[in-house]
Amino acid sequence: MISVERALATILAGCRPMEFEKIDILDAAGRVIGEDVIAQRDIPAVPNSAKDGYAVRSSDTKEAKARKPLEFRVIETIAAGSLPQKRMNKGQAARVMTGAMIPKGADAVVIREDTEEKGKTVIIKTPVSRGAEVRFAGEDVKKGEPVIKTGSVLRPGHIGMLAALGRAFVTVYQKPRVAILSTGDELVELEADPSPGKIVNSNSYSLAAQVRDCGGIPMMLGIAHDNRSELAEKFQAAGRADVVLSSGGVSVGDYDFVKDVMADSGNAMHFWKVAMRPGKPTAFGSINGVPLFGLPGNPAAVMVSFEQLVRPYLLKMQGHSRIFRQIFKAVSAQSIRKETGFKHFLRAVVQKEGDRYVARMTGEQGSGILKSMVAANAFIVLDENVSSVKKGDEVVLQMLDETMLRTDVPRFE
Ligand code: AMP
Ligand code: MG
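> Would you mind going over unusual backbone geometry in detail, with residue names and values included?
With an omega of -10°, the peptide bond running from Ile 43 to Pro 44 counts as cis. For Pro 44, the location among the structural elements is in the loop between strand S2 (37-38) and strand S3 (48-49). For Glu 133, which is not a glycine, the phi torsion comes out positive at approximately 55°. Unlike most non-glycine residues, Lys 273 shows phi in positive territory, near 80°. Residue classification places Lys 273 among the partly exposed residues on the basis of a relative accessible area of 23%.

What follows is the structure in C-alpha coordinates.
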(Lines give C-alpha, C1' and ligand atoms only; values in the text may rest on other atoms or scores of the structure.)
(Ligands and ions follow the chains in the order given, each with its own letter.)
Protein backbone atom coordinates (compact mmCIF):
# COMPACT_ATOMS: atom_id res chain seq x y z
CA MET A 1 0.00 0.00 0.00
CA ILE A 2 1.35 3.44 -0.88
CA SER A 3 0.44 6.93 0.27
CA VAL A 4 -1.78 9.21 -1.80
CA GLU A 5 1.24 11.48 -2.33
CA ARG A 6 3.41 8.60 -3.62
CA ALA A 7 0.59 7.41 -5.86
CA LEU A 8 0.17 10.89 -7.32
CA ALA A 9 3.91 11.31 -7.85
CA THR A 10 4.04 7.97 -9.70
CA ILE A 11 1.03 8.85 -11.85
CA LEU A 12 2.15 12.36 -12.74
CA ALA A 13 5.76 11.35 -13.47
CA GLY A 14 4.59 9.25 -16.40
CA CYS A 15 2.06 11.75 -17.71
CA ARG A 16 2.69 12.73 -21.32
CA PRO A 17 1.02 15.84 -22.72
CA MET A 18 -1.57 15.50 -25.49
CA GLU A 19 -0.74 16.58 -29.02
CA PHE A 20 -2.01 19.89 -30.35
CA GLU A 21 -4.93 20.62 -32.62
CA LYS A 22 -6.08 23.76 -34.38
CA ILE A 23 -9.66 24.76 -33.62
CA ASP A 24 -12.10 27.57 -34.34
CA ILE A 25 -11.87 30.26 -31.67
CA LEU A 26 -15.65 29.91 -31.21
CA ASP A 27 -14.99 26.47 -29.68
CA ALA A 28 -11.88 27.43 -27.75
CA ALA A 29 -13.25 28.81 -24.46
CA GLY A 30 -12.11 26.62 -21.55
CA ARG A 31 -9.36 24.94 -23.63
CA VAL A 32 -5.65 25.25 -22.89
CA ILE A 33 -3.70 27.13 -25.54
CA GLY A 34 -0.63 25.43 -26.98
CA GLU A 35 1.10 28.44 -28.53
CA ASP A 36 2.43 31.85 -27.56
CA VAL A 37 0.33 34.52 -29.21
CA ILE A 38 2.33 37.53 -30.39
CA ALA A 39 0.43 40.54 -31.73
CA GLN A 40 0.95 40.82 -35.48
CA ARG A 41 -0.60 44.29 -35.57
CA ASP A 42 -1.15 47.36 -33.44
CA ILE A 43 -4.53 47.65 -31.70
CA PRO A 44 -5.89 50.15 -32.46
CA ALA A 45 -4.19 50.25 -35.84
CA VAL A 46 -4.48 54.04 -36.24
CA PRO A 47 -5.06 56.99 -33.88
CA ASN A 48 -8.79 57.44 -33.38
CA SER A 49 -11.22 59.41 -31.31
CA ALA A 50 -12.32 58.15 -27.88
CA LYS A 51 -15.42 60.40 -27.93
CA ASP A 52 -17.87 62.16 -30.18
CA GLY A 53 -16.52 65.70 -30.63
CA TYR A 54 -14.13 67.83 -32.66
CA ALA A 55 -10.58 66.95 -33.64
CA VAL A 56 -8.30 69.99 -33.38
CA ARG A 57 -4.67 71.03 -33.09
CA SER A 58 -4.28 71.36 -29.30
CA SER A 59 -1.94 74.35 -29.70
CA ASP A 60 -4.81 76.26 -31.40
CA THR A 61 -6.97 75.94 -28.24
CA LYS A 62 -4.42 77.40 -25.77
CA GLU A 63 -6.08 80.82 -25.54
CA ALA A 64 -9.68 79.51 -25.36
CA LYS A 65 -11.58 80.89 -22.34
CA ALA A 66 -15.23 80.89 -21.29
CA ARG A 67 -15.27 84.68 -21.57
CA LYS A 68 -13.25 84.68 -24.79
CA PRO A 69 -14.20 81.54 -26.74
CA LEU A 70 -12.48 80.66 -30.00
CA GLU A 71 -14.24 79.87 -33.24
CA PHE A 72 -12.94 77.05 -35.49
CA ARG A 73 -13.93 76.30 -39.08
CA VAL A 74 -15.34 72.74 -39.46
CA ILE A 75 -13.68 71.26 -42.56
CA GLU A 76 -15.31 67.80 -42.61
CA THR A 77 -17.26 65.16 -40.68
CA ILE A 78 -15.53 61.82 -40.08
CA ALA A 79 -17.54 58.70 -39.16
CA ALA A 80 -16.00 55.62 -37.54
CA GLY A 81 -14.61 53.48 -40.36
CA SER A 82 -14.16 56.22 -42.96
CA LEU A 83 -10.97 57.96 -44.03
CA PRO A 84 -10.33 61.65 -43.30
CA GLN A 85 -10.19 63.50 -46.60
CA LYS A 86 -8.28 66.59 -45.51
CA ARG A 87 -5.19 67.63 -43.62
CA MET A 88 -5.93 69.93 -40.71
CA ASN A 89 -4.49 73.43 -40.65
CA LYS A 90 -4.42 76.21 -38.07
CA GLY A 91 -7.84 77.28 -36.76
CA GLN A 92 -9.65 74.29 -38.24
CA ALA A 93 -11.64 71.47 -36.66
CA ALA A 94 -13.13 68.17 -37.93
CA ARG A 95 -16.31 66.77 -36.47
CA VAL A 96 -15.42 63.18 -35.35
CA MET A 97 -17.45 60.26 -34.03
CA THR A 98 -16.18 57.75 -31.46
CA GLY A 99 -13.74 55.42 -33.23
CA ALA A 100 -13.20 57.76 -36.19
CA MET A 101 -9.64 58.23 -37.46
CA ILE A 102 -7.95 61.43 -36.34
CA PRO A 103 -7.02 63.50 -39.41
CA LYS A 104 -3.38 64.35 -40.11
CA GLY A 105 -2.36 67.53 -38.31
CA ALA A 106 -4.85 67.11 -35.43
CA ASP A 107 -3.64 65.86 -32.04
CA ALA A 108 -6.61 66.20 -29.65
CA VAL A 109 -10.38 65.94 -29.47
CA VAL A 110 -12.73 68.40 -27.73
CA ILE A 111 -15.81 66.49 -26.56
CA ARG A 112 -19.05 67.60 -28.13
CA GLU A 113 -20.52 68.56 -24.73
CA ASP A 114 -17.81 71.26 -24.39
CA THR A 115 -18.58 72.89 -27.73
CA GLU A 116 -21.25 74.98 -29.32
CA GLU A 117 -22.04 74.12 -32.92
CA LYS A 118 -22.73 77.06 -35.19
CA GLY A 119 -23.34 76.13 -38.82
CA LYS A 120 -19.95 75.74 -40.51
CA THR A 121 -18.05 76.67 -37.34
CA VAL A 122 -17.69 75.43 -33.79
CA ILE A 123 -17.11 77.44 -30.61
CA ILE A 124 -14.54 76.09 -28.12
CA LYS A 125 -14.38 77.59 -24.63
CA THR A 126 -11.63 75.59 -22.88
CA PRO A 127 -8.15 74.53 -23.98
CA VAL A 128 -7.35 70.85 -24.54
CA SER A 129 -3.96 69.27 -24.10
CA ARG A 130 -2.14 67.24 -26.69
CA GLY A 131 -3.55 63.71 -26.91
CA ALA A 132 -6.81 64.52 -25.11
CA GLU A 133 -9.51 61.94 -26.00
CA VAL A 134 -7.26 60.37 -28.64
CA ARG A 135 -6.56 56.62 -28.60
CA PHE A 136 -3.10 56.21 -30.03
CA ALA A 137 -2.08 53.41 -32.38
CA GLY A 138 -0.94 50.43 -30.28
CA GLU A 139 -2.45 51.90 -27.10
CA ASP A 140 -4.08 48.54 -26.28
CA VAL A 141 -1.59 46.14 -27.89
CA LYS A 142 1.67 46.87 -29.72
CA LYS A 143 2.80 44.88 -32.74
CA GLY A 144 5.32 42.28 -31.52
CA GLU A 145 3.95 42.25 -27.98
CA PRO A 146 3.29 38.81 -26.40
CA VAL A 147 -0.40 38.73 -25.42
CA ILE A 148 -1.27 35.12 -24.47
CA LYS A 149 1.19 32.61 -23.04
CA THR A 150 1.11 28.93 -23.91
CA GLY A 151 -0.58 26.93 -21.12
CA SER A 152 -3.21 29.59 -20.40
CA VAL A 153 -6.82 28.50 -20.07
CA LEU A 154 -8.74 30.46 -22.70
CA ARG A 155 -11.45 32.64 -21.19
CA PRO A 156 -13.79 35.03 -23.04
CA GLY A 157 -11.24 37.86 -22.79
CA HIS A 158 -8.61 35.72 -24.55
CA ILE A 159 -11.10 34.78 -27.28
CA GLY A 160 -11.90 38.47 -27.83
CA MET A 161 -8.18 39.27 -28.07
CA LEU A 162 -7.60 36.48 -30.61
CA ALA A 163 -10.47 37.88 -32.68
CA ALA A 164 -9.11 41.43 -32.39
CA LEU A 165 -5.80 40.14 -33.75
CA GLY A 166 -7.61 38.56 -36.69
CA ARG A 167 -7.05 34.98 -35.51
CA ALA A 168 -9.94 32.68 -36.50
CA PHE A 169 -8.13 29.52 -35.35
CA VAL A 170 -5.98 28.73 -32.36
CA THR A 171 -3.72 25.84 -31.36
CA VAL A 172 -4.88 24.01 -28.22
CA TYR A 173 -4.09 20.74 -26.44
CA GLN A 174 -6.31 17.91 -27.69
CA LYS A 175 -8.97 16.54 -25.38
CA PRO A 176 -8.02 13.08 -24.12
CA ARG A 177 -10.34 10.21 -25.07
CA VAL A 178 -11.05 8.31 -21.89
CA ALA A 179 -12.40 4.74 -22.15
CA ILE A 180 -14.69 3.74 -19.29
CA LEU A 181 -15.36 0.10 -18.44
CA SER A 182 -17.46 -1.12 -15.53
CA THR A 183 -16.92 -4.65 -14.29
CA GLY A 184 -19.27 -6.93 -12.39
CA ASP A 185 -21.69 -9.81 -12.97
CA GLU A 186 -24.27 -7.96 -10.90
CA LEU A 187 -24.41 -4.95 -13.22
CA VAL A 188 -27.16 -4.13 -15.70
CA GLU A 189 -27.46 -1.16 -18.02
CA LEU A 190 -29.69 1.61 -16.81
CA GLU A 191 -32.47 0.89 -19.31
CA ALA A 192 -32.95 -2.54 -17.78
CA ASP A 193 -35.08 -3.25 -14.72
CA PRO A 194 -32.65 -4.80 -12.27
CA SER A 195 -33.82 -8.29 -11.25
CA PRO A 196 -33.10 -9.41 -7.68
CA GLY A 197 -29.40 -9.35 -6.96
CA LYS A 198 -28.59 -7.07 -9.88
CA ILE A 199 -27.80 -3.34 -9.70
CA VAL A 200 -27.70 -0.58 -12.26
CA ASN A 201 -24.27 0.39 -13.56
CA SER A 202 -24.08 3.92 -12.24
CA ASN A 203 -20.29 4.23 -12.05
CA SER A 204 -19.85 4.52 -15.83
CA TYR A 205 -22.06 7.59 -15.73
CA SER A 206 -20.51 9.31 -12.71
CA LEU A 207 -17.11 8.71 -14.31
CA ALA A 208 -18.25 10.02 -17.71
CA ALA A 209 -19.49 13.20 -16.05
CA GLN A 210 -16.22 13.59 -14.13
CA VAL A 211 -14.22 13.03 -17.33
CA ARG A 212 -16.23 15.68 -19.19
CA ASP A 213 -15.94 18.02 -16.24
CA CYS A 214 -12.18 18.04 -16.66
CA GLY A 215 -12.18 18.36 -20.42
CA GLY A 216 -11.96 14.72 -21.54
CA ILE A 217 -14.12 12.81 -24.02
CA PRO A 218 -15.71 9.72 -22.44
CA MET A 219 -15.81 6.51 -24.52
CA MET A 220 -18.38 4.18 -23.01
CA LEU A 221 -17.17 0.58 -23.16
CA GLY A 222 -20.13 -0.74 -21.18
CA ILE A 223 -20.01 -3.64 -18.75
CA ALA A 224 -17.56 -6.54 -18.55
CA HIS A 225 -18.57 -9.70 -16.73
CA ASP A 226 -16.34 -11.03 -14.02
CA ASN A 227 -14.32 -13.38 -16.14
CA ARG A 228 -10.74 -12.92 -17.10
CA SER A 229 -11.03 -13.41 -20.83
CA GLU A 230 -14.01 -11.11 -21.29
CA LEU A 231 -12.21 -8.46 -19.27
CA ALA A 232 -9.03 -8.80 -21.33
CA GLU A 233 -11.07 -8.61 -24.54
CA LYS A 234 -12.97 -5.49 -23.47
CA PHE A 235 -9.71 -3.82 -22.48
CA GLN A 236 -8.40 -4.51 -25.99
CA ALA A 237 -11.25 -2.38 -27.32
CA ALA A 238 -9.81 0.51 -25.32
CA GLY A 239 -6.68 0.57 -27.50
CA ARG A 240 -7.72 3.76 -29.27
CA ALA A 241 -8.17 5.65 -26.01
CA ASP A 242 -5.60 7.94 -24.39
CA VAL A 243 -6.52 6.72 -20.90
CA VAL A 244 -8.56 3.74 -19.66
CA LEU A 245 -10.66 3.74 -16.49
CA SER A 246 -12.20 0.60 -15.06
CA SER A 247 -14.40 0.33 -12.02
CA GLY A 248 -14.75 -2.64 -9.74
CA GLY A 249 -13.00 -6.00 -9.77
CA VAL A 250 -9.79 -4.64 -8.31
CA SER A 251 -10.19 -5.75 -4.70
CA VAL A 252 -9.35 -9.09 -3.06
CA GLY A 253 -12.54 -10.96 -4.00
CA ASP A 254 -12.61 -14.26 -5.88
CA TYR A 255 -13.87 -12.55 -9.03
CA ASP A 256 -11.65 -9.47 -9.02
CA PHE A 257 -9.65 -9.93 -12.23
CA VAL A 258 -8.51 -6.42 -13.14
CA LYS A 259 -5.13 -6.90 -11.43
CA ASP A 260 -4.65 -10.25 -13.16
CA VAL A 261 -5.16 -8.67 -16.57
CA MET A 262 -2.72 -5.91 -15.65
CA ALA A 263 -0.17 -8.63 -14.91
CA ASP A 264 -0.45 -10.12 -18.43
CA SER A 265 2.48 -9.64 -20.78
CA GLY A 266 2.44 -6.31 -22.58
CA ASN A 267 0.60 -4.75 -19.65
CA ALA A 268 1.93 -3.27 -16.42
CA MET A 269 0.90 -2.54 -12.85
CA HIS A 270 2.79 0.26 -11.10
CA PHE A 271 0.87 0.14 -7.85
CA TRP A 272 -2.15 -1.43 -6.21
CA LYS A 273 -3.80 -0.15 -2.99
CA VAL A 274 -3.54 3.44 -1.87
CA ALA A 275 -3.71 4.54 1.79
CA MET A 276 -6.94 6.44 1.32
CA ARG A 277 -10.56 6.09 2.42
CA PRO A 278 -12.62 5.66 0.48
CA GLY A 279 -10.70 4.41 -2.55
CA LYS A 280 -8.13 1.97 -1.15
CA PRO A 281 -8.48 -0.68 -3.89
CA THR A 282 -7.08 1.49 -6.69
CA ALA A 283 -4.50 0.24 -9.17
CA PHE A 284 -2.49 2.09 -11.77
CA GLY A 285 -0.65 0.62 -14.72
CA SER A 286 -1.11 0.18 -18.45
CA ILE A 287 -2.83 -1.99 -21.03
CA ASN A 288 -0.91 -2.25 -24.30
CA GLY A 289 0.86 0.97 -23.46
CA VAL A 290 -2.33 2.90 -22.66
CA PRO A 291 -2.41 4.18 -19.04
CA LEU A 292 -5.02 2.32 -16.98
CA PHE A 293 -6.60 3.36 -13.70
CA GLY A 294 -8.24 0.38 -11.99
CA LEU A 295 -10.73 2.22 -9.79
CA PRO A 296 -12.82 0.74 -6.98
CA GLY A 297 -16.38 -0.46 -7.57
CA ASN A 298 -18.13 1.22 -4.71
CA PRO A 299 -20.00 4.25 -6.06
CA ALA A 300 -18.61 6.89 -3.68
CA ALA A 301 -15.13 5.36 -3.67
CA VAL A 302 -14.83 5.40 -7.47
CA MET A 303 -15.62 9.12 -7.54
CA VAL A 304 -13.21 10.01 -4.73
CA SER A 305 -10.47 7.98 -6.37
CA PHE A 306 -11.09 9.74 -9.68
CA GLU A 307 -10.95 13.15 -7.96
CA GLN A 308 -7.68 12.42 -6.18
CA LEU A 309 -5.76 10.56 -8.86
CA VAL A 310 -7.36 10.71 -12.31
CA ARG A 311 -8.43 14.36 -12.44
CA PRO A 312 -4.92 15.80 -11.86
CA TYR A 313 -3.61 13.40 -14.52
CA LEU A 314 -6.19 14.41 -17.13
CA LEU A 315 -5.63 18.11 -16.43
CA LYS A 316 -1.86 17.73 -16.70
CA MET A 317 -2.24 15.89 -20.03
CA GLN A 318 -4.14 18.90 -21.35
CA GLY A 319 -1.45 21.36 -20.39
CA HIS A 320 -3.15 22.86 -17.32
CA SER A 321 -0.80 24.36 -14.76
CA ARG A 322 -3.39 24.28 -11.95
CA ILE A 323 -4.21 20.61 -11.63
CA PHE A 324 -5.36 20.43 -8.01
CA ARG A 325 -8.55 21.57 -6.38
CA GLN A 326 -8.54 24.82 -4.44
CA ILE A 327 -7.69 24.34 -0.77
CA PHE A 328 -9.87 26.09 1.79
CA LYS A 329 -10.12 26.04 5.57
CA ALA A 330 -13.23 25.88 7.71
CA VAL A 331 -14.37 24.93 11.17
CA SER A 332 -15.68 21.41 11.72
CA ALA A 333 -19.33 21.33 12.79
CA GLN A 334 -18.85 18.00 14.50
CA SER A 335 -16.31 15.80 16.19
CA ILE A 336 -14.88 13.11 13.92
CA ARG A 337 -13.02 9.90 14.81
CA LYS A 338 -10.91 8.09 12.27
CA GLU A 339 -8.42 5.25 11.98
CA THR A 340 -4.82 6.27 11.39
CA GLY A 341 -2.81 5.04 8.42
CA PHE A 342 -5.28 6.29 5.80
CA LYS A 343 -5.91 9.71 4.36
CA HIS A 344 -9.65 10.35 4.59
CA PHE A 345 -11.75 12.33 2.13
CA LEU A 346 -15.05 13.05 3.83
CA ARG A 347 -17.84 14.35 1.68
CA ALA A 348 -18.96 17.63 3.18
CA VAL A 349 -20.93 20.81 2.75
CA VAL A 350 -19.14 24.04 3.59
CA GLN A 351 -21.21 27.10 4.19
CA LYS A 352 -20.95 30.50 5.77
CA GLU A 353 -22.52 30.73 9.19
CA GLY A 354 -22.27 34.21 10.68
CA ASP A 355 -18.73 35.36 9.97
CA ARG A 356 -17.11 31.93 9.66
CA TYR A 357 -17.16 28.99 7.29
CA VAL A 358 -18.40 25.73 8.74
CA ALA A 359 -17.90 22.24 7.25
CA ARG A 360 -20.39 19.48 7.93
CA MET A 361 -20.32 15.89 6.66
CA THR A 362 -23.06 14.92 4.22
CA GLY A 363 -24.38 12.12 6.42
CA GLU A 364 -23.24 8.49 6.14
CA GLN A 365 -19.71 8.18 4.77
CA GLY A 366 -19.65 4.54 3.65
CA SER A 367 -17.92 3.95 0.31
CA GLY A 368 -21.20 2.69 -1.12
CA ILE A 369 -23.18 5.78 -0.10
CA LEU A 370 -23.46 7.68 -3.39
CA LYS A 371 -25.79 10.19 -1.74
CA SER A 372 -22.78 11.48 0.21
CA MET A 373 -21.47 12.91 -3.10
CA VAL A 374 -24.75 14.48 -4.16
CA ALA A 375 -24.86 17.29 -1.62
CA ALA A 376 -21.09 17.67 -1.22
CA ASN A 377 -19.34 20.87 -2.28
CA ALA A 378 -16.03 19.86 -0.67
CA PHE A 379 -13.95 17.05 0.80
CA ILE A 380 -12.73 17.38 4.37
CA VAL A 381 -9.17 16.05 4.08
CA LEU A 382 -7.79 14.32 7.17
CA ASP A 383 -4.16 13.18 7.01
CA GLU A 384 -2.97 9.63 7.68
CA ASN A 385 -1.71 10.34 11.18
CA VAL A 386 -4.82 12.20 12.38
CA SER A 387 -7.03 10.13 14.68
CA SER A 388 -9.70 12.62 15.64
CA VAL A 389 -11.08 16.09 15.09
CA LYS A 390 -12.91 18.03 17.76
CA LYS A 391 -16.00 20.05 17.04
CA GLY A 392 -14.79 23.60 16.30
CA ASP A 393 -11.33 22.49 15.08
CA GLU A 394 -10.09 23.93 11.82
CA VAL A 395 -10.09 21.41 8.97
CA VAL A 396 -8.55 21.46 5.49
CA LEU A 397 -10.91 21.22 2.55
CA GLN A 398 -10.64 20.52 -1.14
CA MET A 399 -13.31 22.60 -2.83
CA LEU A 400 -15.40 20.78 -5.43
CA ASP A 401 -17.66 23.74 -6.11
CA GLU A 402 -16.64 27.20 -4.93
CA THR A 403 -19.84 28.78 -6.20
CA MET A 404 -21.81 26.92 -3.55
CA LEU A 405 -19.89 28.89 -0.91
CA ARG A 406 -21.53 32.17 -1.81
CA THR A 407 -24.34 32.43 0.66
CA ASP A 408 -24.34 36.23 0.63
CA VAL A 409 -25.40 36.82 -2.99
CA PRO A 410 -28.43 39.08 -3.26
CA ARG A 411 -31.68 37.40 -4.21
CA PHE A 412 -33.64 38.72 -7.15
CA GLU A 413 -37.36 38.28 -6.73
P1 AMP B 1 -16.15 -4.70 -6.45
O2 AMP B 1 -14.96 -3.88 -6.12
O3 AMP B 1 -16.21 -5.13 -7.88
O4 AMP B 1 -16.28 -5.83 -5.49
O5 AMP B 1 -17.41 -3.76 -6.23
C6 AMP B 1 -17.65 -3.19 -4.96
C7 AMP B 1 -19.10 -2.77 -4.82
O8 AMP B 1 -19.40 -1.77 -5.76
C9 AMP B 1 -20.10 -3.88 -5.06
O10 AMP B 1 -21.13 -3.79 -4.11
C11 AMP B 1 -20.60 -3.58 -6.44
O12 AMP B 1 -21.92 -4.07 -6.62
C13 AMP B 1 -20.54 -2.09 -6.55
N14 AMP B 1 -20.32 -1.70 -7.92
C15 AMP B 1 -19.34 -2.18 -8.72
N16 AMP B 1 -19.40 -1.64 -9.95
C17 AMP B 1 -20.45 -0.78 -9.94
C18 AMP B 1 -21.03 0.07 -10.93
N19 AMP B 1 -20.53 0.14 -12.15
N20 AMP B 1 -22.09 0.82 -10.56
C21 AMP B 1 -22.58 0.75 -9.32
N22 AMP B 1 -22.08 -0.04 -8.36
C23 AMP B 1 -21.03 -0.81 -8.65
MG1 MG C 1 -17.12 -6.67 -8.76
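Right, picking up where we left off after that structure.
> Got a sec to walk through the site of ligand 1? Specific residues and values, please.
Close contacts around ligand 1 come from 15 residues, with Glu 186, Asn 201, Ser 202, Gly 249 and Gly 297 the closest. One of the backbone N or O atoms of Gly 249 is found 2.8 Å from an oxygen atom in ligand 1. Interatomic distance of 3.1 Å between a backbone N/O atom of Gly 297 and an oxygen atom of ligand 1. About the coverage of ligand 1: the protein hides 77% of its 480 Å² of free accessible area. If you list the elements that add at least two residues to the shell around ligand 1, you get strand S13 (177-183) and strand S15 (199-200). The residue makeup of the shell around ligand 1, split by class, is four nonpolar, 10 polar and one charged.

> Kindly report on the nonpolar core, identifying the contributing residues and their values.
In terms of nonpolar packing, the biggest core is built from 39 residues, with Val 243, Leu 245, Phe 293, Phe 306, Leu 309, Tyr 313 and Leu 314 touching the most fellow members. Broken down by secondary-structure element, the contributors of at least two residues to this core are helix H1 (4-13), S13, helix H3 (203-213), strand S17 (243-247), strand S21 (290-295), helix H6 (299-317) and strand S26 (378-382). Considering every element that reaches this core, the biggest residue donor is H6, with 10 residues. When residues of this core are sorted by domain, at least three fall in each of domain 1 (4-17 + 175-317) and domain 4 (327-412).

> Tell me about the domain arrangement of the protein chain, and please be specific about residues and values.
Taken domain by domain, the protein chain holds domain 1 (4-17 + 175-317), domain 2 (20-43 + 142-173), domain 3 (48-135) and domain 4 (327-412). Spacing between the C-alpha centres of domain 1 and domain 2 amounts to 35 Å.

> So what's going on with the environment of His 344? Which residues, and what values?
Its location among the elements puts His 344 in strand S24 (residues 343-353). On a C-alpha basis, the gap between His 344 and Ile 148 in space is 39 Å, while along the polypeptide they are 196 residues apart. Excluding anything up to four places from it in sequence, His 344 contacts Arg 277, Lys 338, Glu 339, Ile 380, Val 381 and Leu 382.

> Before we move on, can you summarise the sheet that holds strand S8 (residues 115-118) with the specific residues and values?
The pairing of strands in a sheet comes from backbone hydrogen bonds and takes either a parallel or an antiparallel form. On the basis of which strands lie adjacent, the open sheet formed by six strands has the order S7-S4-S6-S5-S9-S8 and mixed pairing. Each end of this open sheet is capped by a strand with a single partner; those strands are strand S7 (108-111) and S8. The average angle at which neighbouring strand axes cross in this sheet is 35°, direction not considered.

Basis of the calculations
- Residues numbered from 1 in each chain as written.
- Chains lettered and ligands numbered in written order.
- Predicted model: local features only at pLDDT ≥ 70, side-chain atom pairs only at ≥ 80, totals over all residues.
- Heavy atoms only, no water.
- Helix = DSSP H or I, 4+ residues; strand = E, 2+ residues; numbered from the N terminus.
- Buried < 20%, exposed > 50% of the residue type's maximum accessible area, 1.4 Å probe, protein only.
- Near = heavy atom within 4 Å.
- Polar contact = N/O pair within 3.5 Å; in protein donor to acceptor, adjacent residues only side chain to side chain.
- Areas by Shrake-Rupley, 256 points an atom, 1.4 Å probe, with all protein chains shown as cover.
- Nonpolar A, V, L, I, M, F, W, Y, C, P; charged D, E, K, R; others polar.
- Core = buried A, V, L, I, M, F, W, Y, C linked by side-chain atoms within 4.5 Å.
- Domains from an automatic or database assignment.
- Contact = heavy atoms within 4.5 Å.
- Pairing = 2+ DSSP bridges.
- Axes fitted to C-alpha atoms, helices over the stretch in contact; angles between N-to-C directions.

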